[in-house]
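Geometric and topological summary
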Amino acid sequence: MHSVLTSILFLMLTVTAVSAEELVIFNWQEYLSSQVIEQWEKETGWKIHQIFYDTDEMRDEVLASEVGKQFDLVVIDSISAQLFGKNNKLLSITRSEVSNLVNIQKRWIQSCGNFGVPYFWGTVGIVYRADKVETKPVSWRALIEPEAELIGHIGMHEDFTDTLIPALKLSGYSIYSENTDHLKAAYQLLRNQLTAVLTYDYVISYISAKPDDDALYMAIGYSGDQHTLNDVTGKDSWRYVVPEEGTSLWIDCFSVLSHSEKKKQALAFINFLNNAENAAKNAEDIGYSTTNNAAIALLPNEVKNDKSIYPEQSVLDRSEPYRIISDKNMSQRNRIMRALSKEHETK
């Protein structure tokens, strides 16, 4: 919690000086094409200023604070979009305001609950360095109980949902289990893993801060992360796999903050982003699965046929869609993450 509050104070200093013709976006790092931004700025004269977060917890804490009023747009997971939307923090978006909603695939259209436009989607899995990991991981066990040569080279992620996925799936439980004993069992597996863990920073944040670091070999990550990691490091060593036990299916939304004084331009930016050509360029540059059906037709074949980004139905069949969990369950998961993070810091 201390780190979240520190981040909020930092953001207060970062986003105070904003020009009149500038949109401020709260986003994951490396999650919006610089070329698409340049095209927007060229066409409209409006600047884009991005502030980055590296955990869902940090993002949600900031959005719920006074600092959240500094942002015009946010990239947010589908569950949080619905929760913040119902609490009047996000603007309800209609097709009359964003005509390019017509390009979004029907399977995703309701994911954001009308409080945003579906942006990218994908799975949670394992990213690993093919030059360091001799055998391609096929199970979550490779991450939770790594081989001796990988101990001290494992990356996790401080997220109360996603970090528990490997342990829950290995135990044969649902990712969104409300059973206290299931969560306790998952905690014990993750506690046993601690000696193998190098960092609890999101893998892209860790590598972006230390592009020459050679200590991280394998980590929990998201489909598409491998392309960003290869771009950041200037190598082609990172790979991605969905473990055989199954995983979750995530969807991110591009949303407008209800308190933004630049709603018209914020909506115009989302519409611009969902123009078929712009959406295709963005998806190709960033390397994640677009929800924009018109854009898919414009993607190069090597992108469309990349099974790590656009997985086969068998992978989707063993993937659980993100869903809302109870406040009690969320509290228990947060306690688990705080305990793991604190114990890791002491090692």
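Quick summary incoming for the structure in this document. (Residues numbered from 1 in each chain as written. Predicted model: local features only at pLDDT ≥ 70, side-chain atom pairs only at ≥ 80, totals over all residues. Heavy atoms only, no water.)

Topic: the overall build of the protein chain
When helices and strands are counted, the protein chain shows 15 helices and eleven strands. A globule of 347 residues ought to have a C-alpha radius of gyration of about 20 Å, and the protein chain, at 20 Å, matches this closely. Based on the C-alpha atoms only, the size of the protein chain along its principal axes is roughly 55 × 45 × 40 Å. Counting across all 347 residues of the protein chain, residues that qualify as buried make up 57%. (Helix = DSSP H or I, 4+ residues; strand = E, 2+ residues; numbered from the N terminus. Rg over C-alpha atoms; globule rule 2.2 N^0.38 Å. Buried < 20%, exposed > 50% of the residue type's maximum accessible area, 1.4 Å probe, protein only.)

Details of unusual backbone geometry
The backbone of Glu 30 sits at a positive phi, close to 60°, despite the residue not being glycine. Secondary-structure assignment places Glu 30 in the loop between strand E1 (22–28) and helix H2 (34–44). Judged by its relative accessible area of 39%, Glu 30 is partly exposed. Despite not being glycine, Asn 88 shows a phi value in the positive range, around 65°. Tracing the backbone through its elements, the reader meets Asn 88 in the loop between helix H4 (78–86) and strand E4 (117–129). Since its relative accessible area comes to 62%, Asn 88 is described here as exposed.

Comments concerning the state of the cysteines
When the sulfur atoms of two cysteines share a covalent bond, that bond is a disulfide. In the structure shown here, the tally under the stated rule is one disulfide. A sulfur-sulfur distance of 2.1 Å marks the disulfide that ties Cys 112 to Cys 253. Handedness of the Cys 112-Cys 253 disulfide follows from its S-S torsion of about -95°: it is left-handed. Placement of Cys 112 in the loop between H4 and E4 and of Cys 253 in strand E9 (residues 247–256) is noted, with a sequence separation of 141 residues between them. An identical accessibility class is assigned to Cys 112 and Cys 253; each is buried. (Disulfide = S-S within 2.5 Å.)

Some remarks on the packing of aromatic side chains
Enumeration according to the criterion identifies 20 aromatic pairs in this entry. Summarising the aromatic geometry, the rings of Tyr 31 and Tyr 119 are spaced 5.4 Å apart at their centres and angled 90° between planes, so their arrangement reads as edge-to-face. Here the residue Tyr 31 occupies a position in the loop between E1 and H2, and Tyr 119 occupies one in strand E4, the gap between them amounting to 88 residues. Residue classification places Tyr 119 among the buried residues on the basis of a relative accessible area of 6%. (Phe/Tyr/Trp six-rings, centres within 6.5 Å; stacked < 30°, edge-to-face > 60°.)

Notes on helix H11 (residues 276–286)
Along H11, the residues that are buried comprise Ala 276, Asn 278, Ala 279, Ala 280, Asn 282, Ala 283 and Ile 286. Close packing links the buried residues of H11 with H2, E4, helix H9 (225–233), helix H10 (263–273), strand E10 (289–290) and helix H12 (293–296). Where H11 begins, one side-chain oxygen reaches toward the backbone nitrogen of Glu 277, 3.0 Å away; that side chain belongs to Asn 275. Trailing H11 by a residue or two, Gly 287 shows a phi angle of about 90°, which is positive. (Contact = heavy atoms within 4.5 Å. Polar contact = N/O pair within 3.5 Å; in protein donor to acceptor, adjacent residues only side chain to side chain.)

Observations regarding the pairing of E9
Burial within E9 is extensive, with ten of its ten residues counted as buried. Where strand E3 (residues 73–77) lies against E9, five bridges are found, and the strand directions are antiparallel. Among the inter-strand pairings, Val 75 is bridged to a residue of E9, identified as Phe 254. Summarising the sheet, E9 and strand E11 (residues 319–321) pair through three bridges and their orientation is parallel. Bridged to Ser 248 within E11 is Glu 320. (Pairing = 2+ DSSP bridges.)

Section: the environment of Trp 121
Along the chain, Trp 121 turns up in strand E4. In this structure the C-alpha to C-alpha distance between Trp 121 and Ser 96, which are 25 residues apart in sequence, comes to 24 Å. If near-sequence neighbours (up to four positions away) are discounted, Trp 121 is found in contact with Trp 108, Ser 223, Leu 249, Trp 250, Ile 251, Ser 289, Thr 290, Thr 291, Ile 309, Tyr 310, Pro 311 and Leu 316. Here Thr 290 takes part through its backbone oxygen, which lies 3.4 Å from a polar atom of the side chain of Trp 121.

What about the pattern of salt bridges?
Any two side chains of opposite charge can pair, given that their charged atoms come close. Applying the stated criterion across every chain yields a total of twelve salt bridges. In this structure, Asp 131 engages Arg 129 in a salt bridge whose closest nitrogen and oxygen atoms are separated by 2.8 Å. We classify Asp 131 as partly exposed; its relative accessible area is 47%. Taking the relative accessible area as the measure of exposure, Arg 129 reaches 5% and is therefore buried. Residue Asp 236 pairs with Arg 239 through a salt bridge whose shortest N-O separation is 3.8 Å. For Asp 236, a relative accessible area of 57% puts it in the exposed group. With relative accessibility at 31%, the residue Arg 239 sits in the partly exposed group. One salt-bridge network, held together by shared partners, links Asp 56, Arg 59, Asp 60 and Asp 77. (Salt bridge = Lys/Arg side-chain N within 4 Å of Asp/Glu carboxyl O.)

Considerations on the nonpolar core
Formed by 113 residues in total, the largest nonpolar core has its most connected members in Tyr 31, Leu 73, Val 203, Phe 254 and Phe 269. Of the residues forming this core, the biggest block, eight residues, is contributed by E4. If we skip the residues at most four places from it in the chain, Phe 269 touches Leu 23, Ile 25, Leu 32, Trp 40, Ile 48, Leu 73 and Phe 254. (Core = buried A, V, L, I, M, F, W, Y, C linked by side-chain atoms within 4.5 Å.)

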